[in-house]
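Reading the structure
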Protein chains: 2
Amino acid sequence: MGKTRSAPTLNDVAKAAGVSTATVSRCLNSPERVVESTRKRVMQAVESLGYTPNFAARVMAANRSFTIGAIIPTMDNAIFARGLQEFQDQLRESGYTLLVSSSAYDPEVEREQIRTLVARGADGLLLIGYARDAEIYNYLEQHQIPSLVAWSYDPRVQRPSVGFSNTAAMGELARKVILTGHRQIAMISGKTKGNDRAQSRVEGVRLAMTENSLDPDTLTLIETTYEIEKGAEALRKLMNLSPRPTVVICGNDVLAAGALREARNLGIQVPEQLSITGFDDIELAEIVSPSLTTVHVPHREMGRKAAQELVEMVEGRSEGRSVCIDTRMVVRHSLAGPPDLP
Amino acid sequence: MGKTRSAPTLNDVAKAAGVSTATVSRCLNSPERVVESTRKRVMQAVESLGYTPNFAARVMAANRSFTIGAIIPTMDNAIFARGLQEFQDQLRESGYTLLVSSSAYDPEVEREQIRTLVARGADGLLLIGYARDAEIYNYLEQHQIPSLVAWSYDPRVQRPSVGFSNTAAMGELARKVILTGHRQIAMISGKTKGNDRAQSRVEGVRLAMTENSLDPDTLTLIETTYEIEKGAEALRKLMNLSPRPTVVICGNDVLAAGALREARNLGIQVPEQLSITGFDDIELAEIVSPSLTTVHVPHREMGRKAAQELVEMVEGRSEGRSVCIDTRMVVRHSLAGPPDLP
DNA sequence: ATTATCAATGTAAGCGCTTACAAGTGTATT
DNA sequence: AATACACTTGTAAGCGCTTACATTGATAAT
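Residues numbered from 1 in each chain as written. Chains lettered and ligands numbered in written order. Predicted model: local features only at pLDDT ≥ 70, side-chain atom pairs only at ≥ 80, totals over all residues. Heavy atoms only, no water.

This part is about the protein's contact with DNA strand D. Of all residues adjacent to DNA strand D, which total 24 residues, the nearest are A:L10, A:S25, A:Y51, B:T23 and B:T38. Here, DNA strand D places atoms within 4 Å of the protein, and 56% of those atoms are sugar or phosphate. Between DNA strand D and A:S25 there is a distance of 2.6 Å, counted from a phosphate oxygen to a side-chain nitrogen or oxygen. Within the side chain of A:N29, one N or O atom sits 2.8 Å away from a phosphate oxygen of DNA strand D. Elements supplying a minimum of two residues to the surface near DNA strand D: helix 2 (21-29) and helix 4 (55-62) of chain A together with helix 2 (21-29) and helix 4 (55-62) of chain B. Its residues placed into classes, the surface near DNA strand D shows 13 nonpolar, eight polar and three charged. (Near = heavy atom within 4 Å. Polar contact = N/O pair within 3.5 Å; in protein donor to acceptor, adjacent residues only side chain to side chain. Helix = DSSP H or I, 4+ residues; strand = E, 2+ residues; numbered from the N terminus. Nonpolar A, V, L, I, M, F, W, Y, C, P; charged D, E, K, R; others polar.)

Have a look at this one:
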């Protein structure tokens, strides 16, 4: 910290109020254990000195920080913003503070951030998706830090999580796409390596194809990072293919927005000449035109439930349950039947 | 923290390596002060025990945290995301960690967050905009925590800041709007109370009007929170006015995107029947159609320079300089001349 | 009146780390 | 050979707080 030479300490308050440090500490942490008259005097001293407890000292002494850490892949787009905001609000209600850091989708960075957060005394951790080194989970185990996975839910994985089935959600959308008549299907996915959500979404599309007697190997797949620009780039590539896909399923709304923009730049009519779909239903999805057919993920609900569950775990009231959140397809204007072949 | 019963401590490492805790500490913090052979042995012990230093203890003992705090008004939209990302990256390069929290534009919450961050041992703080209680600045002074204001720059204010002149930036845009022929001007602004950036932007429009012999009192102003939905709402209200404004200047791109959407819903052609402008030039601005005429703010540059300056301050190499970042108008498709009167 | 009980407060032992200072060793200088 | 010095490592005193345990005084129970 800054050289806190002049900041008042517990001791200063104790002296000013004419009590012991223990009493001051009690006033702050369990006021009901101090008689009113004393408490008043102490609080006044706190007030007039402008005392703020030193967090590091408190954490060290109490071995408890009332802090929850979250590592998200990125803050750069809105995907995690909404859910995290709700997560934070709910946490605050339970008396916890949220510490966020972002890993830029880099497992190494994530590992480092996890260690940092643990070293900082986080009582519990929110992680995005299942996929990470066993070593990391071991580390958390060893330090006895409860962790909860969010944004993914897979009944086969034995690990507390609050999320949704990316496979099922994308599957539903893909089925709709196929039913609408599309056969030349392309997908712009996020990088699947180390990202189970991206993997599952691709998986969902493949499954839907198989179910409908389409060869999943005919799916044209481009993997890229989740940036608007990259979505645009990928679309450009896809439009050079022959035969051209009649629909582009995007791994999320950000990629879809990029694809949409590029289609406009190329003079391709959406959805008349080309259909495009998204995933997440962030605000962007409704803003772009045509508005995106996508999958709605109840981010707020997820954030709230994750906070509740994680607090339960931290306070020893739960061993870690999993919660599956329902998604639903949102049909808007970017999806239509394939154009008539010339 | 979680009950760290089993986590190894410095002491454990020291024993395992057969040295004193001081030596281990030195290996970790100033390795050059320990002879190679010893260092190797220690590092091996660190490795094999899976030791991570306890942050709270370190902060307490060293009175230094290598942590910078930032309180931003919201994470809910992209306004701050980009600049902050760069701020963080730059900070990391200098060996600092960023702690972010968001205040939801609430001064009370902000005050609390600042106290929390200080109590947590932040070495320095990044604050958005100048406007806040003197009491807060005093508090920081007392605790000797350097703070830097970002997203605002005003040569008249005697306080280190890295930002841009909101007045000048918006003024340039407004001048362009007026030159394009508009006389019926409306503005959808963020809440100006306690938000100097919003205030300055309104100010910028008024100034431009005055300069062009328009009465600034004829500016129709709606203040609202920075949400897409609110932008839409505001536009609806404006379109019920008579005479209808021919241009709607929005306080930022988010509001503009909402306004744009609503115009589309109302069947109003932009820019043929109505012009709309934004501010910030976030990705959204280029995605919507028509794409937004707006003011480009070099967020990355701002984030980077802010990090550099704040680190200098924290390390006592600077008393706090101010940096003015240049913005520039970006002309796209949402602004055109006013429609011919019927 | 005596003892058990309880509520309010004080005493002091750490929590895990850094660092000033002390101690020990080996090398250069005279 | 004696002295100085640099370098490496150890010793131990905190950093500001919480909390188990001890103490005190008052009230209730006998």
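The structure having been displayed, the exposition proceeds.
Turning our eyes to something else, we now look at the relation of the copies chain A and chain B. When chain A is fitted to chain B, the best match, at an RMSD of 0.1 Å, comes from turning it 180° and sliding it 0.1 Å along the axis. Considering both components of the superposition, the chain copies are consistent with a two-fold axis. Judged by C-alpha distance, A:A56 is the residue of chain A that lies nearest the rotation axis, at 2.2 Å. Take the interface residues of chain A: 100% of them recur as interface residues in chain B, which is what a same-surface contact looks like. (Least-squares fit on C-alpha atoms with pLDDT ≥ 70 in both. Contact = heavy atoms within 4.5 Å.)

Let us now look at the environment of B:E93. Structurally, B:E93 can be placed in helix 5 (residues 81-93). Along the backbone, B:E93 and B:N54 are 39 residues apart, and their C-alpha atoms lie at a distance of 22 Å.

The full set close to DNA strand C counts 25 residues, and A:T23, A:T38, B:L10, B:S25 and B:Y51 are the nearest of them. When atoms of DNA strand C within 4 Å of the protein are sorted by moiety, sugar and phosphate together comprise 56%. Between DNA strand C and the protein, one listed contact pairs a phosphate oxygen with a side-chain N or O atom of B:S25 at 2.5 Å. At 3.1 Å from a phosphate oxygen of DNA strand C is found a main-chain nitrogen or oxygen belonging to B:N54. Going through the elements one at a time, helix 2 and helix 4 of chain A together with helix 2 and helix 4 of chain B are the ones with two or more residues in the surface near DNA strand C. Among the residues making up the surface near DNA strand C, the classes are represented as 13 nonpolar, eight polar and four charged.

Let us look at the sheet that holds strand 9 (residues 275-277) of chain B. Residue and element names in this part refer to chain B. Spatially, 7-6-8-9 is the arrangement adopted by the four strands of the open sheet, whose pairing is parallel. Every other strand in the sheet has two partners, leaving strand 7 (220-224) and strand 9 as the edge strands with one partner each. Each neighbouring strand pair of the sheet contributes to a mean axis angle of 15°, computed without reference to strand direction. Relative to strand 9, strand 8 (residues 247-250) runs parallel, the two being bridged by three bridges. Within the sheet, the bridge partner assigned to I249 lies in strand 9 and is T277. Across the sheet, helix 8 (residues 166-179) is in contact with strand 6 (185-190), strand 8 and strand 9; its angle to strand 8 comes to roughly 175°. (Pairing = 2+ DSSP bridges. Axes fitted to C-alpha atoms, helices over the stretch in contact; angles between N-to-C directions.)

Size of an interface: often given as the accessible area lost when the parts come together. Listed by partner, the interface residues are 59 residues for chain A and 59 residues for chain B. Roughly 5,400 Å² is buried in total at the junction of chain A and chain B, and carbon and sulfur atoms are behind 48% of that figure. The tally of links from chain A across to chain B stands at two salt bridges. Between B:R261 and A:E286 there is a salt bridge, with its nearest N and O atoms 3.8 Å apart. At the junction of chain A and chain B, the tally comes to twelve residue pairs in polar contact (both at pLDDT 80 or more). Of all the secondary-structure elements, those providing two or more residues to the side of chain A that touches chain B are helix 4, helix 5 (81-93), strand 2 (97-102), helix 6 (107-119), helix 7 (134-142), helix 11 (253-265), helix 12 (284-287) and helix 13 (299-314) of chain A. (Buried area = accessible area lost by both parts, 1.4 Å probe. Salt bridge = Lys/Arg side-chain N within 4 Å of Asp/Glu carboxyl O.)

As paired strands, strand 6 of chain B and strand 7 of chain B are joined by five bridges and run parallel to one another. Note that in strand 7 of chain B the partner of B:A186 across the bridge is B:T220.

Here the focus is the packing of helix 5 of chain A against helix 13 of chain A. Residues and elements named next belong to chain A. Orientation of helix 5 relative to helix 13, taken along the N-to-C sense of each, is 40°, at an axis distance of 7 Å. The pairing of helix 5 with helix 13 is recorded here as oblique in orientation. The two elements helix 5 and helix 13 cross, and the hand of that crossing is right-handed. Contacts between helix 5 and helix 13 involve R82, G83, E86, F87, Q90 and L91 from the first element and H299, R300, G303, R304, A306, A307, Q308, L310 and V311 from the second. The residue makeup of the contact of helix 5 with helix 13, split by class, is six nonpolar, five polar and four charged. (Parallel < 35°, antiparallel > 145°, perpendicular 65-115°, else oblique. Left-handed = near helix turned anticlockwise from the far one by under 90°.)

Time to look at the sheet that holds strand 1 (residues 67-72) of chain A. Residues and elements named next belong to chain A. Ordered in space as 2-1-3-4-5-11, the six strands form an open sheet in which the pairing is parallel. Each having just a single partner strand, strand 2 and strand 11 (323-324) make up the two edges of the open sheet. Inspection of the sheet shows strand 1 paired to strand 2 by six bridges, in the parallel sense. Across the sheet, I71 pairs through a bridge with S101, a residue of strand 2.

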